[in-house]
Amino acid sequence: MLALDLVINGLIIGVFYALMAIGLSLIFGILKIVNFAHGEFYMVGAYTYTLIALAFGVPPWLALPTAFVAGVVLGLVVERLLMRPLYSGYISWGFLRDEYAVIVTFGLSLLLINLVDKVIGPYAYKGPPLTSVSRISLGPVIVSGHRLVAFAIAVAVIVIVALIVRYSYWGRQIQAVAQNRLGASLAGIDTAKVSAFVFALAGGLAALSGGLLANIFNPTPDVGIFPAVKSYVIVVLGGMGSIPGSIIASLGLGVLESFGGVYISYQYRDTFGLILLILVLLFRPQGLFGERVREV
Amino acid sequence: MGPASILKYFGCAALAVAAGLFASAGGAVAQEPIKIGLTVTLSPPGSVSQGVQVRDGAEVAVKMINDAGGVLGRPLELIVEDTQGIPEKARAAVEKLITRDKVIAVTGEHQSSAALAGIEVAHRYNVPYVNTNGWSDVIREKGYPQVFNPGNFNSRVAIAAAETIAAMGAKNVLAFPENTDYGVGLAKLIGDVLKEKAPDVEYRYETLDRAAKDFLPALLPLKANPPDVIVEIMLPPAAYILINQLYEQGIAPTSKTLIYDASGIADYPDFWQNVSDSAKYMLVFGLYHPKMQLPELGRQVAEAYTAKTGFEPNRLLFQAADSVFLIAEAIKIAGSTDPDAMIKALEGIKWTGARGEITFSTEKGGYKYHQWLDVPYVTFQITDVNQPVKDTKLVQEAGQPIDLSLIERPN
């Protein structure tokens, strides 16, 4: 029964990881940079959901899409003000773009954490549950009601995003820009708009993840650091820019941490993913589903 | 007017100006504030919740002292440094306070790891260090003459926890300490004391990462064989997540398993907005309860704190206020801010603060050195959701044994 418990809870937490990681993977696929402020989009979503529900009495089911919208808006603003210089035609960015991206996104992360700490305060706030049922029995396994509902929402959103990226008009544009930005531009695709769309979507997904988990991991100004670190590991494990890779890696990591934490050592739970990351980088650096790329 | 008169007038004017200059200079020296350094956690990963309460408590005390005329005619000035609960930052903070800000004493620290780092610097520079809330016994065992401890200490909690567990007849006890000097130190001490007081109790502890968010892998194995008592030795926000996840999984509270909060977090301002149903039936080691008898100073401090923050008073407020008051008293007794004179004053002090009459033991070689040994504590039980501390059930009054007949359990 313990094994079943661990599998179910591992998959649940893995889905939440996937919701965070997909956005990061999309950003890397389009912009070829790592967004070190990704965890803070999560944090903004968590606070938006919690404070809108607690302070204004908005029902949780309405507060959740508000969190998503907050992440989308933040993503649009960040892309327009901070990320646009990366591909707006400045020749000098050719050899400085990676350093620029690291510095700017790190700085943004510090800014958002300290801004929330000073404006909202340092105390933790538990987000309201999405259901009044505190525990649900799935056979011999007990899962919290909110966790199960959040899981279902996360799965639905992941499926929708995967379908959008795979089959929709916007999704085909995203794929084109991810493959070759210049080629896509020559084909008439507005790459700046696509980048803005991706950043907004990524921000929205991370914020939604924060809102869904606000009842489980009580939001504090630094609450985004933990899921962000997991996301970086997952994106590399799954293959940077690969959504299926991110999903598989997330589920695998969730289950691995569950079993490893019980049967090996709970103290070293977070290191299992990092050890796996090192092994993957050594033997398959492109990740599980990534493609080897050679630049000329 | 002849030349002599002119000279006389100029001479008088010059004397008047000189006298005025001396007077204003003397007045400026008299008004120069006495600087006290306050090291607290105001940003993660340490407990910001604690840091804010300690800072607020210290500011209340400073205001009360300054409104009453200051110390030796001089106002107190608090210089606050954020340590983030990280030892390296605490060390740097104390170094900066002493060498750059020229504080005459340091206080405020509420996390043992940070306190252990800060006292090394205070010891090196021979600056009095009043440890507000670092519970680790190691802080006392160092034997540094500069360090004074008017706050709680792990041995006291260990004895209280072990006596409570033994009285409850628990046979299987599991502690969840956070991965800090405070957490692991207290978990080990509880085990040591239990071996003496209740040798048939099966006790173990599992360290949890205070920065982690998901403790389920550590909790799920308990479902098959839940313990009788789970001892929580963590600080917020990780403590809140642990309590919630124990409840979600149906592990505690149950008719078999109760949670014992050894960290005394139930009176924190953000407690109920983070735990809701999960905290009902929790037994709490309490360093403050509204039903405790407080000295007049304590009542004044409580009123001032509530007026300033809008929150009900809690134990950190009183500990922080006492820390500042003690420094002020030491200066008064010493008649100066000379560190050796202040240290001598503190060693011999017998003074009624916000929580009771404070004296410091001079017994060297263990946790008793420069420790206020009679820190009052109680044990209370939360019997309803969103219950204010004043409405909780006092199952053990200060200085009395626990009354088991008062303990409630879920059906």
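Reading the values: rules and limits
Residues numbered from 1 in each chain as written. Chains lettered and ligands numbered in written order. Predicted model: local features only at pLDDT ≥ 70, side-chain atom pairs only at ≥ 80, totals over all residues. Helix = DSSP H or I, 4+ residues; strand = E, 2+ residues; numbered from the N terminus. Buried ≥ 20, exposed ≤ 12 C-beta atoms within 10 Å, placed from the backbone. Contact = placed C-beta atoms within 7 Å. Expected span 1.5 Å × (residues − 1). Arc of directions from axis to C-beta. Nonpolar A, V, L, I, M, F, W, Y, C, P; charged D, E, K, R; others polar. Pairing = 2+ DSSP bridges. Right-handed = clockwise from strand over helix to strand, strands pointing away. Domains from an automatic or database assignment. Axes fitted to C-alpha atoms, helices over the stretch in contact; angles between N-to-C directions. Core = buried A, V, L, I, M, F, W, Y, C linked by C-beta atoms within 7 Å. Parallel < 35°, antiparallel > 145°, perpendicular 65-115°, else oblique. Left-handed = near helix turned anticlockwise from the far one by under 90°.

(A) Representation of the overall build of chain B in the model. A tally of helices and strands in chain B yields 13 helices and 14 strands. Overall, chain B is about 110 × 40 × 35 Å in size when its C-alpha atoms are taken along their principal axes. When each of the 411 residues of chain B is scored for burial, the buried share is 55%. In chain B, the proportion of contacts linking residues at least 24 apart, taken out of those at least 6 apart, comes to 70%.

(B) How the structure looks around helix 3 (residues 87-99) of chain B. Residue and element names in this part refer to chain B. Taking 1.5 Å per residue, 13 residues should reach 18 Å; helix 3 reaches 18 Å between its end C-alpha atoms and fits that length. What helix 3 keeps buried is the set Pro87, Lys89, Ala90, Ala93, Val94, Leu97 and Ile98. In a view along the axis of helix 3, the buried residues occupy a sector of 160°, so they form one face of it. Exposed residues pointing more than 90 degrees away from the buried face of helix 3 are listed as Glu88 and Thr99. Where helix 3 is buried, its residues touch strand 1 (34-40), strand 2 (76-82), strand 3 (105-107) and helix 4 (112-125).

(C) How the structure looks around the environment of Phe148(B). All names here are of chain B. By secondary structure assignment, the location of Phe148 is in strand 5 (residues 147-148). Put simply, Phe148 and Thr107 are 41 residues apart on the chain and 9.6 Å apart in space, counted from C-alpha to C-alpha. For Phe148, the contacting residues outside a window of four places in its chain are Val130, Asn131, Leu346, Phe360 and His370.

(D) Examining the interface of chain A and chain B more closely. If you look at the interface, chain A gives 28 residues, while chain B gives 31 residues. Put simply, the parts of the chain that give the side of chain A that touches chain B at least two residues each are helix 1 (2-31), strand 2 (141-144) and helix 10 (243-263) of chain A. Take the side of chain A that touches chain B: its biggest share by element is five residues, from helix 1 of chain A. The residue inventory of the side of chain A that touches chain B, partitioned by class, reads 13 nonpolar, eight polar and seven charged.

(E) Examining the pairing of strand 1 of chain B more closely. All names here are of chain B. Where burial is concerned, most of strand 1 is hidden: five out of the seven residues are buried. Here strand 1 pairs with strand 2 via seven bridges, running parallel. Among the inter-strand pairings, Gly37 is bridged to a residue of strand 2, identified as Ile79. Each parallel crossover has a hand, and the one from strand 1 via helix 2 (residues 48-67) to strand 2 is right-handed. When strand 1 meets strand 3, the two strands line up parallel, connected through three bridges. Each bridged residue has a counterpart across the sheet, and for Leu38 the counterpart in strand 3 is Thr107.

(F) Examining the domain arrangement of chain B more closely. All names here are of chain B. Taken domain by domain, chain B consists of domain 1 (32-152 + 293-358) and domain 2 (155-286 + 377-406). One C-alpha centre belongs to domain 1, the other to domain 2; they are set 28 Å apart. Taken together, the contact between domain 1 and domain 2 spans 17 residues of the former and 18 residues of the latter. At the level of secondary structure, the elements contributing two or more residues to the side of domain 1 that touches domain 2 comprise helix 2, helix 4 and helix 5 (137-141). If one sorts the elements of the side of domain 1 that touches domain 2 by residue count, helix 4 sits on top with three residues. Here the residues of the side of domain 1 that touches domain 2 are counted per class, giving five nonpolar, nine polar and three charged.

(G) Here's a closer look at the sheet that holds strand 8 (residues 229-233) of chain B. Residues and elements named next belong to chain B. The mixed open sheet is built from seven strands, whose spatial order is 7-6-8-9-10-13-14. Bordering the open sheet on either side are strand 7 (202-205) and strand 14 (393-396), each of which pairs with just one other strand. With strand direction ignored, the average angle separating the axes of adjacent strands in the sheet is 25°. In this sheet, strand 8 lies alongside strand 6 (residues 172-177) in parallel orientation, the contact comprising five bridges. Residue pairing across strands places Phe176 opposite Glu232, the latter belonging to strand 8. Helix 6 (residues 154-168) contacts strand 6, strand 8, strand 9 (258-261), strand 10 (283-286) and strand 13 (378-381) of the sheet and is inclined by roughly 150° relative to strand 10. Across the sheet, helix 9 (residues 238-248) touches strand 6, strand 8 and strand 9, and the angle it forms with strand 8 is around 160°.

(H) Quick peek at the nonpolar core. Counting residues in hydrophobic clusters, the biggest one holds 222 residues, and the most contacted among them are Ala161(B), Ile190(B), Val301(B) and Ala321(B). Here Ile190(B) is in contact with Ala158(B), Ala161(B), Ala162(B), Ala175(B) and Val231(B), once residues within four sequence places are set aside.

(I) Structural context of unusual backbone geometry. Residues and elements named next belong to chain B. Cis rather than trans, the peptide bond between Pro236 and Pro237 has omega equal to 0°. Mapped onto the elements of the fold, Pro237 is located in the loop between strand 8 and helix 9. A cis amide bond links Ala252 with the next residue in sequence, Pro253, at an omega value of 5°. Relative to the elements of secondary structure, Pro253 occurs in the loop between helix 9 and strand 9. Phi angles above zero are rare outside glycine, and Leu72 is one such case at about 55°. Its location among the elements puts Leu72 in the loop between helix 2 and strand 2. We note that Ser276 has phi near 40°; this positive angle belongs to a residue other than glycine. Considering the arrangement of structural elements, one finds Ser276 in the loop between helix 10 (272-275) and strand 10.

(J) Geometry of the packing of helix 2 (residues 38-56) of chain A against helix 9 (residues 225-238) of chain A. Residues and elements named next belong to chain A. Their axes nearest at 8 Å, the elements helix 2 and helix 9 cross at an angle of 140°. As summarised for this structure, helix 2 and helix 9 are arranged oblique, according to the angle between their axes. Between helix 2 and helix 9 lies a crossing of right-handed hand. Of helix 9, the residues touching helix 2 (which contributes His38, Gly39 and Tyr42) are Ile225, Pro227, Ala228 and Ser231. Broken down by class, the residue content of the contact of helix 2 with helix 9 amounts to four nonpolar, three polar and no charged.

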